[in-house]
Amino acid sequence: MSSQRAGSTKRNRDPIESTDSSQDFTTTQPSGATHQKKKVELLKRARKKKARKAQEAESSGHVSIKTLFATISKSDGKSTSSMAASEDDPSTSLTQEPVSTISHADIMNKLCYICDQLKSVNTKVDELRGEVFDLKQENDKLKAELKKCQNQQEKADEVVKEAKFLASVAERRANDLEQYTRRNNVRVLGVPESDRESGEECESKVLKLFQDKLGLTRMGASDIEACHRIGKRERQQGQNQRQNNPRPIIVRFISRKAAEAVLANRRKMKGSGRAIVEDLTKDNFVLLTTAWDHPGVEDAWTWRGNIFAKPAADNASIRRISRVGDLQLIPIPEITTSTPNNRKQRRQRPNNAVDRTTIDQSYQVT
């Protein structure tokens, strides 16, 4: 029974691993107290041997890399478990040899250099953070200013748009007012011009034309407020050239009824080489010529300062033209071989009296 108990006790206990080959053991099985005592002695010997090797390395000025890392880890509080494992297993520290040795002063110098570099890096990082913060603030300010400028630009665009609209309205009103003041005027084209012609002679020629060609026998000098030719007289121009290309005459009547009576009978001068047209403003004359050139307009004329156009399409009604946009609404008919080609002739000879070149020249001199 005693031998069986001793065997079970021996199996339950861990066998003792000896790291010293010079240690002599007996062949007999030790008791429990003796086994524990030997284990404590072996641990003490391993610690003394480890301490002795550390003292020898420190006295020689060299330490192993493993010892250095163990010291650093111990100072950081991160090597507690590794030290406990080395204490439990002294054979590990006894059997491993140092891989290489370096000077303690070199290690300290390296550590100081690394610390200095880390300080400089941290300083640079702090500076960069400050610069990034300043740039971010500046960027936010620029964004706010840009948004403010964009709002101001939008407001300015709206103001400019409104100003352009008001300017166009004012320009149209000024043109209408100017045309209204010209309703008592007419222009007479194609009247021969004599050398050194006076104002009375010009007026007598116009009255004779009105009485003979238009049948206005009751019209006299008392109905005319002013009568003169427009444009500069060319001194080098001869008598024959002056007869063939006379300057236009502008006549201003006392009453509007007299001017309208002359314009109402202007078709009677057809084929005489002379013409009577209204005194249009520059903008209205440009609009009239644009209507003449429009491919969808068969004929265009004026009455009381207003411009009217007859579309070339069949059964199309006469339209009043007050701006260029009104001409864009007139459709352009398809040209076929059966379409009469008389539009070009009508544009060249407005009112079937004189050609368009004469009318253009009469408005270029004003």
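This text goes with the structure placed above it.
Computed from a predicted model, the values in this text were never measured in an experiment. (Residues numbered from 1 in each chain as written. Predicted model: local features only at pLDDT ≥ 70, side-chain atom pairs only at ≥ 80, totals over all residues. Heavy atoms only, no water.)

A. Local environment of the sheet that holds strand 5 (residues 249-253). The strand order across the open sheet formed by four strands is 4-5-3-6, and the pairing between neighbours is antiparallel. The open sheet has two edge strands with one neighbour each: strand 4 (224-229) and strand 6 (275-278). With strand direction ignored, the average angle separating the axes of adjacent strands in the sheet is 20 degrees. Here four bridges tie strand 3 (residues 185-189) to strand 6, and the two strands are oriented antiparallel to one another. Looking at strand 6, one finds that valine 188 is bridged to isoleucine 276. (Pairing = 2+ DSSP bridges. Helix = DSSP H or I, 4+ residues; strand = E, 2+ residues; numbered from the N terminus. Axes fitted to C-alpha atoms, helices over the stretch in contact; angles between N-to-C directions.)

B. Examining the side chain of glutamate 193 more closely. Tracing the backbone through its elements, the reader meets glutamate 193 in the loop between strand 3 and helix 7 (199-213). Of the polar contacts made by the side chain of glutamate 193, one reaches the side chain of arginine 247; its length is 2.8 Å. (Polar contact = N/O pair within 3.5 Å; in protein donor to acceptor, adjacent residues only side chain to side chain.)

C. Up close: the pairing of strand 7 (residues 297-303). Sheet topology note: the strand 7/strand 8 (residues 306-311) ladder contains six bridges and is antiparallel. Within the sheet, the bridge partner assigned to aspartate 299 lies in strand 8 and is lysine 310. Where strand 7 hands over to strand 8, the hairpin turn is made up of two residues, of which arginine 304 adopts a positive phi near 60 degrees.

D. Here's a closer look at the sheet that holds strand 7. The sheet built from three strands is open, its strands ordered 7-8-9 with antiparallel pairing. A strand with exactly one partner marks an edge of an open sheet, and here the two such strands are strand 7 and strand 9 (319-321). Across the sheet, the mean angle from the axis of one strand to that of its neighbour is 35 degrees, orientation sign disregarded. Contacting strand 7, strand 8 and strand 9, helix 10 (residues 282-293) runs over the sheet at an angle of about 155 degrees to strand 7. (Contact = heavy atoms within 4.5 Å.)

E. Representation of the environment of lysine 257 within the structure. Looking at where lysine 257 falls in the secondary structure, it is placed in helix 9 (residues 256-264). Between the C-alpha atom of lysine 257 and that of asparagine 184, which follows or precedes it by 73 residues, the distance is 8.2 Å.

F. Structural view of the nonpolar core. Formed by 22 residues in total, the largest nonpolar core has its most connected members in Phe210, Val251, Phe253 and Ile276. Broken down by secondary-structure element, the contributors of at least two residues to this core are strand 3, helix 7, strand 4, strand 5 and helix 9. For this core, the element with the most residues is helix 7, which contributes five residues. For isoleucine 276, the contacting residues outside a window of four places in its chain are Val186, Arg187, Val188, Phe210, Leu214, Val262, Leu263, Arg266 and Met269. (Core = buried A, V, L, I, M, F, W, Y, C linked by side-chain atoms within 4.5 Å. Buried < 20%, exposed > 50% of the residue type's maximum accessible area, 1.4 Å probe, protein only.)

Shape descriptors only; they carry no functional weight alone.
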